[in-house]
Amino acid sequence: MIERWNRLDRLHRRIETCVERRLQRQLGLSGREFHALSILHARASAAVRPLHLSDLAAETGLSQSATSRLVARLQDRGLISTRSAAHDRRSVDLRLTPVAHEVLRRGTPLLDRAVHDAVRALSVDDTDRDLLHYLDGRAAGVGSKADGHMTADGASC
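Residues numbered from 1 in each chain as written. Predicted model: local features only at pLDDT ≥ 70, side-chain atom pairs only at ≥ 80, totals over all residues. Heavy atoms only, no water.

(A) Examining the nonpolar core more closely. Judged by nonpolar contacts, the single largest core of 34 residues is most densely connected at L37 and I80. At the level of secondary structure, the elements contributing two or more residues to this core comprise α1 (2-27), α2 (31-45), α3 (53-60), α4 (64-76), β3 (92-96), α5 (98-121) and α6 (129-136). Among the elements that take part in this core, α5 stands out by supplying seven residues, more than any other. Discounting residues that sit within four places of it in the chain, I80 has contacts with L37, L40, V71, L74, Q75, L94, R95, L96 and T97. (Core = buried A, V, L, I, M, F, W, Y, C linked by side-chain atoms within 4.5 Å. Buried < 20%, exposed > 50% of the residue type's maximum accessible area, 1.4 Å probe, protein only. Helix = DSSP H or I, 4+ residues; strand = E, 2+ residues; numbered from the N terminus. Contact = heavy atoms within 4.5 Å.)

(B) Summary view of the packing of α1 against α5. As a packed pair, α1 and α5 sit with axes 9 Å apart at the nearest point and diverge in direction by 145°. Both α1 and α5 take part in a crossing whose hand is right-handed. Of the residues in α5, those in contact with I15, C18, V19, R22, L23, Q26 and L27 of α1 are V103, R106, G107, L110, L111, R113, A114, V115, D117, A118 and V119. (Axes fitted to C-alpha atoms, helices over the stretch in contact; angles between N-to-C directions. Left-handed = near helix turned anticlockwise from the far one by under 90°.)

(C) Structural context of α1. Between its first and last C-alpha, α1 extends 36 Å over 26 residues, near the 38 Å set by a 1.5 Å rise per residue. Buried within α1 are the following residues: L11, I15, C18, V19, R22, L23 and L27. Once α1 ends, the next one or two residues include G28, with phi positive near 70°. (Expected span 1.5 Å × (residues − 1).)

(D) The arrangement of the sheet that holds β3 in detail. Pairing is antiparallel across the open sheet formed by three strands, whose spatial order is β1-β3-β2. A strand with exactly one partner marks an edge of an open sheet, and here the two such strands are β1 (51-52) and β2 (80-84). As defined by bridge partners, β2 adjoins β3 across five bridges and the pair is classed as antiparallel. Within β3, the residue paired with S81 across the bridge is R95. Where α4 meets the sheet, it contacts β2 and β3, and its direction lies at approximately 120° from that of β2. (Pairing = 2+ DSSP bridges.)

(E) Broad picture of the layout of surface pockets. Taken as a whole, the largest pocket holds about 410 Å³ of empty space. H12, E16, V19, G31 and L111 are, among the 18 residues lining the largest pocket, the residues nearest its centre. Every element with two or more residues in the lining of the largest pocket is listed here: α1, α2, α5 and α6. Element by element, the count of residues in the lining of the largest pocket is highest for α1, at eight residues. Split into classes, the residues belonging to the lining of the largest pocket amount to ten nonpolar, five polar and three charged. Size it by volume and the second largest pocket reaches roughly 160 Å³. L40, A44, P50, L94 and R95 are the residues nearest the centre of the second largest pocket, which is lined by eleven residues in total. Mapped by element, the contributors of at least two residues to the lining of the second largest pocket are α2 and β3. Residues that form the lining of the second largest pocket fall into these classes: seven nonpolar, one polar and three charged. (1 Å grid on protein atoms, 1.4 Å probe; cavity = no way out; pocket = protein on both sides within 12 Å on 5 of 7 lines; lining within 4 Å. Points joined across faces, edges and corners; volume = space filled by probe spheres on them. Nonpolar A, V, L, I, M, F, W, Y, C, P; charged D, E, K, R; others polar.)

As structure tokens, this is what we get:
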């Protein structure tokens, strides 16, 4: 079980690295920043109460202070707005700006493609064949690229 967990962890890190590079190169955002915007968008789409800073920390797995720094970066870039929560002045409500909606519109297919390309670029020798089949959705021929680092568009991760 530990060996399979370690292989899964290595696979996750390789995919995350490729995705991170693509997001940074094409959107100027880190994976965590894009993930935070996605969380805010999902909450807004579900019409639940506004997302508070503490909620975002819980959903991203970041500490409260790391989440505060993340929110400050997103706010500085004009991607989110903040305001004191109506029910508790100590809480902060987070909202996406129109710019963030455009970033998500452009970035969601980019993210999907980046994950797809990263999975396709992996070598079977590096991880579990069944897991790659599951992630990629292919029935056969998983990860046959020789260098294991090229994406479908020819760009390296």
